[in-house]
Amino acid sequence: MPLLQSVGKQWARILHGHEPWLKSFLLPLFAVSLSVQLNWWIAPHVSVLPLFLCFFAAILVAAWYGTWHSGAVAVVLSTLAADYFFMKPYNSVRLQSGDVGALFFFAVAGLAVTYLVHYLRTNQEQLRQSIATLEEEVARERTRLRRQEKRLGELISEVAITGEREREQLGQELHDYLAQLLALARLKLELAKAQLPSSATEARRHLIAINEVLEKSMQYVRTLMAELQPVELKQSGLIDALRALAAHMSRLDLAVDVEIGSNVEPPPEREALLLYQSARELLMNVVKHAQVGRAVVVLKKQAGELVLVVRDEGRGFDAATPTGQTDGRHFGLSSITDRMTAIGGTLTIESAVGRGTTATMRLPLTAFPSEVLIAAEAIKQDRVGVKPAVSPNQERLPL
């Protein structure tokens, strides 16, 4: 046995290089030679020599540790060795008529065993590769899920912070402008009351001023409500809301062309609001950064998806550089990406310095989880209008 182990180790080292000709010829030759030696060794000790048993073992070894060709060569060598050494007349390839059938059956069975072993090894290797591939995919999926969980936690935190910031901003606007308008109206009313007995003309002038102040207050409230929740979006749908948004952007010196595909079906209210908010944020980016006076908004249906494109020919930017950093009021492109990803959509940015920017949002035309949509639409962006020191909805108070 030590001799066999030593020989086996030597052959393992030889075959370690995976040379095809070694596996195809030397391995079956060694296995068949060992089978011949075993048959000679056990022949004196048994009454019936298990002639083909050792040769089948040689075929199995050659086919398992080699290739299909190794097994076939082992079958041929085993058939010749059995005929030459162990069948009468000995040391001759001549056969008796009764031995031809036995050798033929042995050769066919040997080839069948070789095929089965080859089939088993092939499937075993494919299974091993499939398991390795599956483990890699599972590892990648776990990594992706961990990133998504982390980003979702950040998104939830950002939603809470942004909601609080929006409430503070809304309260500030109401306090700084609407409350002052109403206080001014009250002051004018007191002046009118004081002037009424002595001067009807002065009282009339104050009443006219009060009417103008109240009209401005109503206009301010309507504008504020329209920006928080566009009336066109609720009453007529996304298409009319986009056209109203384009008209509103003209106040910021940005002409917007709206192109609607012929086969577009109005999406549900929540999806429409999500796309509207995203388009508004992208157009605000054009106003702030593109240094151009025109943009194009395209809404179309394509390959089972609702596609919204915002395109400009402005100065552009390097798309490989992160651009979605927060600035204290909004989350820019990163917030749009997060909202689209949360509902299974995508945002693609194509841009280059001096060649404009094209933002493409794709939303599958399927049902979306309402909880995710509620969280996604909670991320409020800048209201339409550049946010200067004084709100664009506010005008100088009349004195």
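In what follows, the structure referred to is the one given above.
Let me sum up the structure you'll find in this document. Quick caveat: nothing in here was measured; it's all calculated off a predicted structure.

Let's talk about the packing of aromatic side chains
- If you walk through the whole model with that rule in mind, you get 6 aromatic pairs.
- With 5.0 Å between their ring centres and 85 degrees between their planes, Tyr-84 and Phe-85 make a pair best called edge-to-face.
- A relative accessible area of 33% means that Tyr-84 is categorised as partly exposed.
- Relative to Tyr-119, the ring of Tyr-115 lies with its centre 6.3 Å away and its plane at 25 degrees, an arrangement referred to as stacked.

Focus on the pattern of salt bridges
- All told, the structure shown has 5 salt bridges when counted by the stated rule.
- For Arg-128, the salt bridge identified is with Glu-125, shortest N-O distance 2.5 Å. Taken as a pair, Arg-128 and Glu-125 lie in helix 5 (residues 97-195) at a separation of 3 residues, close to a single helical turn.
- A salt bridge links Asp-240 to Arg-243; its shortest N-O distance comes to 3.8 Å. Separated by 3 residues within a single helix, Asp-240 and Arg-243 lie in helix 8 (residues 238-249), roughly one turn from each other.

Some details on the side chain of Ser-278
- Within the secondary structure, Ser-278 is located in helix 9 (residues 269-290).
- In this view, Ser-278 contacts Ile-336, Arg-339 and Met-361; residues no more than four positions away in its chain are not counted.

Some words on the packing of helix 3 (residues 51-65) against helix 4 (residues 68-86)
- Contact pair helix 3 / helix 4: the axes reach a minimum separation of 8 Å and the direction vectors enclose 160 degrees. The orientation of helix 3 relative to helix 4 falls into the category roughly antiparallel. Relative to helix 4, helix 3 is oriented so that their crossing is right-handed. Across from Leu-51, Phe-52, Phe-55, Ala-58, Ile-59, Ala-62 and Ala-63 in helix 3, the residues of helix 4 making contact are Ser-70, Gly-71, Ala-74, Val-75, Ser-78, Ala-81, Ala-82 and Phe-86.
- For the contact of helix 3 with helix 4, the per-class residue count stands at 12 nonpolar, 3 polar and no charged.

Topic: unusual backbone geometry
- The phi torsion at Gln-291 lies on the positive side, around 55 degrees, for a residue other than glycine.
- As for its position among the elements, Gln-291 is in the loop between helix 9 and strand 2 (294-302).
- At Ala-303, a residue that is not glycine, the phi angle is positive and equals roughly 50 degrees.
- By the secondary structure assignment, Ala-303 is in the loop between strand 2 and strand 3 (305-312).
- Look at Ala-303 and you get exposed, because its relative accessible area is 77%.

Side note on the nonpolar core
- With 35 residues, the main nonpolar core has Leu-238, Leu-242, Leu-283, Leu-299 and Leu-308 as its most contacted residues.
- Where this core is concerned, the elements lending two or more residues are helix 8, helix 9, strand 2, strand 3, helix 10 (332-342) and strand 5 (357-364).
- Looking at this core, the element that brings in the most residues is helix 9, giving 11 residues.
- Listed in part, the 17 residues of the second largest apolar core include Val-32, Leu-51, Ala-58 and Ile-59.

Some words on the pairing of strand 3
- The buried count for strand 3 comes to 6 of 8 residues, which makes it a mostly enclosed element.
- Pairing analysis gives 8 bridges linking strand 2 to strand 3, with the strands arranged antiparallel. Note that in strand 3 the partner of Ala-295 across the bridge is Asp-312.
- Inspection of the sheet shows strand 3 paired to strand 5 by 8 bridges, in the antiparallel sense. Residue pairing across strands places Leu-308 opposite Met-361, the latter belonging to strand 5.

A short note on helix 4
- The end-to-end C-alpha distance of helix 4 is 26 Å, a good match for the 27 Å that 19 residues give at a rise of 1.5 Å each.
- Within helix 4 the residues assigned to the buried category are Ser-70, Gly-71, Ala-74, Val-75, Ser-78, Thr-79, Ala-81, Ala-82, Asp-83 and Phe-86.
- Sitting at the amino-terminal end of helix 4 is Thr-67, which places a side-chain oxygen 3.3 Å from the backbone nitrogen of His-69.

Scoring rules and cut-offs
Residues numbered from 1 in each chain as written. Predicted model: local features only at pLDDT ≥ 70, side-chain atom pairs only at ≥ 80, totals over all residues. Heavy atoms only, no water. Phe/Tyr/Trp six-rings, centres within 6.5 Å; stacked < 30°, edge-to-face > 60°. Buried < 20%, exposed > 50% of the residue type's maximum accessible area, 1.4 Å probe, protein only. Salt bridge = Lys/Arg side-chain N within 4 Å of Asp/Glu carboxyl O. Helix = DSSP H or I, 4+ residues; strand = E, 2+ residues; numbered from the N terminus. Contact = heavy atoms within 4.5 Å. Axes fitted to C-alpha atoms, helices over the stretch in contact; angles between N-to-C directions. Parallel < 35°, antiparallel > 145°, perpendicular 65-115°, else oblique. Left-handed = near helix turned anticlockwise from the far one by under 90°. Nonpolar A, V, L, I, M, F, W, Y, C, P; charged D, E, K, R; others polar. Core = buried A, V, L, I, M, F, W, Y, C linked by side-chain atoms within 4.5 Å. Pairing = 2+ DSSP bridges. Expected span 1.5 Å × (residues − 1). Polar contact = N/O pair within 3.5 Å; in protein donor to acceptor, adjacent residues only side chain to side chain.

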